[in-house]
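Descriptive structure summary
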Amino acid sequence: MAEFSTSIVNKGDVSVINLSGYLDAHTAPTLENNFTDLIDQNKFKIVVNFNELAYISSAGLGVFMAYIENIRNNNGDIKLTNMNEKVFNIFDLLGFPLLYEIFKTEEEAVIKYNESSGVGSK
Amino acid sequence: MRVAELAANKKNISELIVKSRTENLSLIRDFISNKASAKGLSKEDIENIMLSVDEACTNIIKHAYDSYPDGEIVINLEFNSEKILITIIDQGITFNPDSVPDPDLQKYYRNGRVGGLGMYLMKTLMDDVKYISVPGEYNKVLLSKKINVAHK
């Protein structure tokens, strides 16, 4: 049974992690490995695309908290995109929209990185 | 009459017994989803109940059994006319649910660690969450929720 899988696509210097399936305490280590691999490669501009994600539990949400500070300390970010309503509601219940930028589409999140990495901007 | 009652009872109670392994979480969610769908619960109710039971079982696997893979988790599902009652029993370490604070995202942000998110979700998504423990014997989590049964 294909429970959970991820794929990483590079868009310029932005790394997009695509999530698919069920993200729970059993499958969360797969995503943790993706983050540690990207951090090891000094890739800190990360977009996570939830388009194919059917389910998330708090163990999945915890993965985003585990790496965010390190990534932001390296001038990067984790931006979240393409969440279905059900998944967004779980993030919302726990107050995550205060800490993470959530976009409707992957393109918007990638553009946001490109805008803010321009010379003279913050 | 008594036989009929028993039959009715039987129909409204289901049980699943699994080992304390995270790989069984999908089995647990399928069990909840199948039984609740058969009763005609709304999709939203099913999803909220499924997530709450996942959170309760994840806590049992990680904390009560401290990731020991051969503990037993017994999940009982009972429907009556207005609510669903789920009882989850383990023989792991007893903890005090009052010692788990509500989640503080700013603190998690600083520490890179989360805790209590699952319990907060359970309390938010279910109508009632109760913990009953006899230390050294068993722990019980009781989850209940009023249900809106769709017309069949």
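Reading the values: the criteria
- Residues numbered from 1 in each chain as written.
- Chains lettered and ligands numbered in written order.
- Predicted model: local features only at pLDDT ≥ 70, side-chain atom pairs only at ≥ 80, totals over all residues.
- Buried ≥ 20, exposed ≤ 12 C-beta atoms within 10 Å, placed from the backbone.
- Helix = DSSP H or I, 4+ residues; strand = E, 2+ residues; numbered from the N terminus.
- Contact = placed C-beta atoms within 7 Å.
- Pairing = 2+ DSSP bridges.
- Axes fitted to C-alpha atoms, helices over the stretch in contact; angles between N-to-C directions.

This part covers helix α5 (residues 117–125) of chain B. One full turn of an α-helix is made of 3.6 residues, so residues set three or four places apart face in the same direction. Every buried residue belonging to α5(B) is among L117(B), G118(B), M119(B), L121(B), M122(B) and L125(B), and all of these are buried. Buried residues in α5(B) make contact with α2 (58–73) and α3 (85–93) of chain A together with α3 (43–64), β4 (128–134) and β5 (138–146) of chain B.

Our next topic: the environment of Q91(B). All names here are of chain B. Tracing the backbone shows Q91 in the loop between β3 (83–90) and α4 (105–111). Sequence-wise, Q91 and S14 are 77 residues apart; in three dimensions their C-alpha atoms are separated by 20 Å. Residues in contact with Q91, not counting those within four places in the same chain, are G71, E72 and Y138.

All names here are of chain B. Taken together, the five strands give an open sheet; going across it, the order is β1-β2-β3-β5-β4, and neighbouring strands pair in antiparallel fashion. The open sheet has two free edges, formed respectively by β1 (13–19) and β4, since each of these has just one partner strand. Averaged over neighbouring strand pairs, the angle between their axes works out to 15° when direction is ignored. Note: β3 against β5, eight bridges, orientation antiparallel. By the bridge assignment, T87 is partnered in β5 with L142.

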